[in-house]
Amino acid sequence: MKIAVFGLGYVGAVTAASMASQGHTVYGVDIDAIKVAQILSGTSPVVEAGLDELVAQAVSSGRLAATTDPVMALDGADISLLCVGTPSKAQGGTNLEYLERALADIRKAMGEARPPASGFHAVVVRSTVPPGTGDLVKEILGAPQVAPGWTVGTAMCPEFLREGTGVVDFFHPPFVVLGTRDPLVKELVTAMFTFLEQDVRIVDVRSAEALKYACNAFHATKVSFANEMARIFKSFGVDSREVMKVFTQDCSLNISPAYLTPGFAFGGSCLPKDLRALLDMARLNSLDVPLLAGTLHTNELVVADVVDRVIASPYRTIAMLGLSFKMNTDDLRESPNVELVERLLGKGFEVKIYDPIVNPERLIGSNLRYIEARLPHLRRLLVGSPSDALDGCGAALVATSDSEVLAALRAAPPEWVLDLHGRLGSNIECLPGYEGIGWVV
């Protein structure tokens, strides 16, 4: 098939390269010319394990290209996959501006591009959107008869990719869910995903739209639940990691060990904004959802607790080891580590930052906009090695188990090591100044 992928962020770049690797002809579309140029040069616009190789192979084979022109991407295309960002509004609702723009571009482009041989084109939303957005999609497109020669069907097919393991997750999803009642869309999407060797579960559009919110709200709740347990058990001298390790072995009732390791606050581009969106949905319908509200509140308490502990310490020069919201990614959006640095700077602390992946020169798109707004002096704070970060610092806040970071901590341990990660290993936990954020060793 020929597939147009709108949006070349984390989801779009992984989707485009992965689809191309399976023999589809894929055009990635983005308004950011830098991202397009990176794809065309055979490199990934985002940091994701295995993605650079996948992009390079797909581009060299001629199956993957990128453009800022929707007409070029849609010419003869069978399917459009919408992978654009859906960030939070100021009050927590979902901002559909990028989705609406992409849909308007698709409709306009269909007036110039050649339709596929069948005349039928599927527009499939993969971005996380509130229930009911499918109606807006049809309205903007003017489906089903969009332009002469074009008949369009629409659907919602949520993605379940975790940053840092996006490529692996793409080829091994927990399930493939398609929200549509259009048999032609079902046939096209099922054929597109044949390589996954999974049945496509067909549901109504609103159920598919709601599913991703349910998943992300549960993941976020699991993180906060583990951290609340850690705060309680710490007072009793209990290592909460041992408790939760046993807890997660119950796969019948406790479901899964994923997201259930005590550590620092959750963050990133999905969990916070999707929780806010669900709270916004509840407010619009005068519903009280204290657990979801409490999840955001307890996540804030995790950050506030670390700030209070640093303030209470005698140290005023702090090494921050790890900045992105999660290891093996350069995504800084809503990273609790960025929030922590921002608060410490506001309190007058000197902070030196080392992250094994984050490079200010490579930041583009929403990542760059977020940092320019929240941490504009990042370039001044970042240092080139963990040893440079630790030099002259009496305390280290550690949010990564990167091997170079662990080696630097062992070679020249600061007086105080506050473990925000929870998986630094016994060689670090035995240091005299080691302290867990929510556990006792």
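One can find the structure itself at the top, above this paragraph.
Residues numbered from 1 in each chain as written. Predicted model: local features only at pLDDT ≥ 70, side-chain atom pairs only at ≥ 80, totals over all residues. Heavy atoms only, no water.

(A) Layout of the packing of helix α9 (residues 205-234) against helix α11 (residues 271-284). Two elements in contact, α9 and α11, have axes whose closest approach is 9 Å; the angle formed by their N-to-C orientations is 115°. Here α9 lies roughly perpendicular to α11, going by the angle between them. You can see that α9 and α11 cross each other, and the crossing is left-handed. Contacts between α9 and α11 pair Y213, N216, A217, H219 and A220 from the former with L271, D274, L275, A277, L278 and M281 from the latter. Considering only residue class, the contact of α9 with α11 consists of 8 nonpolar, 2 polar and 1 charged. (Axes fitted to C-alpha atoms, helices over the stretch in contact; angles between N-to-C directions. Helix = DSSP H or I, 4+ residues; strand = E, 2+ residues; numbered from the N terminus. Parallel < 35°, antiparallel > 145°, perpendicular 65-115°, else oblique. Left-handed = near helix turned anticlockwise from the far one by under 90°. Contact = heavy atoms within 4.5 Å. Nonpolar A, V, L, I, M, F, W, Y, C, P; charged D, E, K, R; others polar.)

(B) A look at the pairing of strand β7 (residues 150-156). Most of β7 sits inside the fold, with 6 of its 7 residues counted as buried. Here 2 bridges tie strand β6 (residues 145-147) to β7, and the two strands are oriented antiparallel to one another. Each residue of the ladder has a partner; that of A147, found in β7, is W150. Taken together, β6 and the strand that follows it, β7, pair antiparallel across an intervening segment of 2 residues, in which G149 is found at a positive phi of about 90°. (Buried < 20%, exposed > 50% of the residue type's maximum accessible area, 1.4 Å probe, protein only. Pairing = 2+ DSSP bridges.)

(C) The packing of aromatic side chains, seen in detail. Within the structure shown, the criterion is met by 7 aromatic pairs. Between F160 and F175 the ring centres are 5.0 Å apart and the planes differ by 85°, which places this aromatic pair in the edge-to-face class. Of this pair, F160 sits in the loop between β7 and α7 (166-171) while F175 sits in the loop between α7 and β8 (176-179), and the two are 15 residues apart along the sequence. Look at F175 and you get partly exposed, because its relative accessible area is 29%. With a centroid separation of 6.2 Å and 20° between ring planes, the pair formed by Y315 and W416 is classed as stacked. Of the two residues, Y315 sits in the loop between α12 (290-312) and β10 (317-321) while W416 sits in strand β13 (residues 416-419), which places them 101 residues apart along the sequence. (Phe/Tyr/Trp six-rings, centres within 6.5 Å; stacked < 30°, edge-to-face > 60°.)

(D) Region of the structure containing the layout of surface pockets. By volume, the second largest pocket is sized at about 410 Å³. For the second largest pocket, the lining is made up of 15 residues, of which P272, R276, N299, E334 and E339 are closest to its centre. Put simply, the parts of the chain that give the lining of the second largest pocket at least two residues each are α11, α12, α13 (336-346) and α14 (365-374). Counting residues per element, the lining of the second largest pocket draws most heavily on α12, which supplies 4 residues. Here the residues of the lining of the second largest pocket are counted per class, giving 7 nonpolar, 2 polar and 6 charged. (1 Å grid on protein atoms, 1.4 Å probe; cavity = no way out; pocket = protein on both sides within 12 Å on 5 of 7 lines; lining within 4 Å. Points joined across faces, edges and corners; volume = space filled by probe spheres on them.)

(E) Seen up close, helix α3 (residues 51-60). Restricting attention to buried positions, one finds in α3 the residues L51, L54, V55 and A58. Down the axis of α3, the smallest arc covering the buried residues is 95°, so these residues share one side. Those residues of α3 that are exposed and angled more than 90 degrees off the buried face are Q57 and S60. Taken together, the buried residues of α3 touch α1 (10-21), α2 (33-40), β3 (64-67) and α7. Just past α3, the residue G62 takes up positive phi, approximately 85°. (Arc of directions from axis to C-beta.)

(F) Examining the state of the cysteines more closely. Taken as a whole and assessed by the stated rule, the structure comprises 0 disulfides. Between C270, a free cysteine, and C215, which holds the nearest cysteine sulfur, the sulfur-to-sulfur gap is 11 Å. (Disulfide = S-S within 2.5 Å.)

(G) Expanded view of unusual backbone geometry. Cis rather than trans, the peptide bond between A143 and P144 has omega equal to 10°. Checked against the element boundaries, P144 lands in the loop between α6 (133-141) and β6. At E197, a residue that is not glycine, the phi angle is positive and equals roughly 55°. With respect to the element layout, E197 can be found in the loop between α8 (183-192) and β9 (200-203). One non-glycine residue, E334, adopts positive backbone phi at about 55°.

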